[in-house]
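# Structural overview for review
The residues making up each chain are set out below.
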Amino acid sequence: IEATVLDVRNGSVSSSNGRVSLGFAPGANTIVTAEASNGSVRVSGLPSTSAATATSDDEVDDGDGPSAKTVRVGAGGGQLDVHTSNGNIDLMRES
């Protein structure tokens, strides 16, 4: 799943076997909870807090287990849940 210039507030995105790549528009406002069961969660240009084996901003975890991050986009006025079972999740701020 690949999406660019997203301006979402609430919802969910999921994939069973594949990568999820989401690029957020400059005016987007939501809180993203991202979990990859067998992959990594990578964040670029957005503040995040890590859980499980995930690492800090702009870094990649080792992908050897579940990875999860909570990411604030803009003012964080909503909730977007992102999940993949077998693949990576890429979250980024677009300019």
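What the protein chain contains, in helices and strands, is zero helices and nine strands. Counting every position in the protein chain, which comprises 95 residues, the buried fraction comes to 40%. Element-wise, carbon and sulfur atoms account for 46% of the exposed surface of the protein chain, whose accessible area totals about 4600 Å².

So, about unusual backbone geometry. Unusually for a residue other than glycine, Val5 sits at a positive phi of about 50 degrees. Here Val5 is to be found in strand β1 (residues 2–6).

As a further point, take the environment of Gly78. Locating Gly78 in the fold gives a position in the loop between β7 (67–73) and β8 (79–84). Here Gly78 falls in the buried class, since its relative accessible area comes to 13%. Apart from the residues within four sequence positions on either side, Gly78 is in contact with Arg9, Asn10, Asn29, Thr30 and Ile31.

Glancing now at the confidence of the model for the protein chain. Looking at the protein chain as a whole, its pLDDT mean stands at 86, while 83% of the residues score no less than 70. Across residues 52–61, where pLDDT falls below 50, the model places 35 contacts with residues more than four positions away in sequence or in other chains.

What follows deals with the nonpolar core. Counting residues in each nonpolar core, the largest one holds 18 residues, and the members touching the most others are Leu22, Phe24, Val32, Val82, Ile89 and Leu91. When residues of this core are traced back to their parent elements, those giving at least two are β3 (20–24), β4 (30–36), β5 (41–44), β7, β8 and β9 (89–93). Contacts of Phe24, omitting those with residues within four sequence positions, involve Leu6, Val8, Thr30, Val32, Leu46, Val73, Leu80, Leu91, Met92, Arg93 and Glu94.

A word on the sheet that holds β5. Strand order in the open sheet made by the four strands is β1-β3-β9-β5, with parallel pairing throughout. Looking at the sheet topology across the chains shown, the edges are occupied by β1 and β5. Along the sheet, successive strands turn relative to each other by an average axial angle of 10 degrees, direction set aside. The sheet contact formed by β3 and β9 spans five bridges and is parallel. Bridging from a neighbouring strand, Gly23 pairs with Met92 of β9.

Criteria and thresholds
Residues numbered from 1 in each chain as written. Predicted model: local features only at pLDDT ≥ 70, side-chain atom pairs only at ≥ 80, totals over all residues. Heavy atoms only, no water. Helix = DSSP H or I, 4+ residues; strand = E, 2+ residues; numbered from the N terminus. Buried < 20%, exposed > 50% of the residue type's maximum accessible area, 1.4 Å probe, protein only. Areas by Shrake-Rupley, 256 points an atom, 1.4 Å probe, with all protein chains shown as cover. Contact = heavy atoms within 4.5 Å. pLDDT = per-residue confidence, 0-100. Core = buried A, V, L, I, M, F, W, Y, C linked by side-chain atoms within 4.5 Å. Pairing = 2+ DSSP bridges. Axes fitted to C-alpha atoms, helices over the stretch in contact; angles between N-to-C directions.

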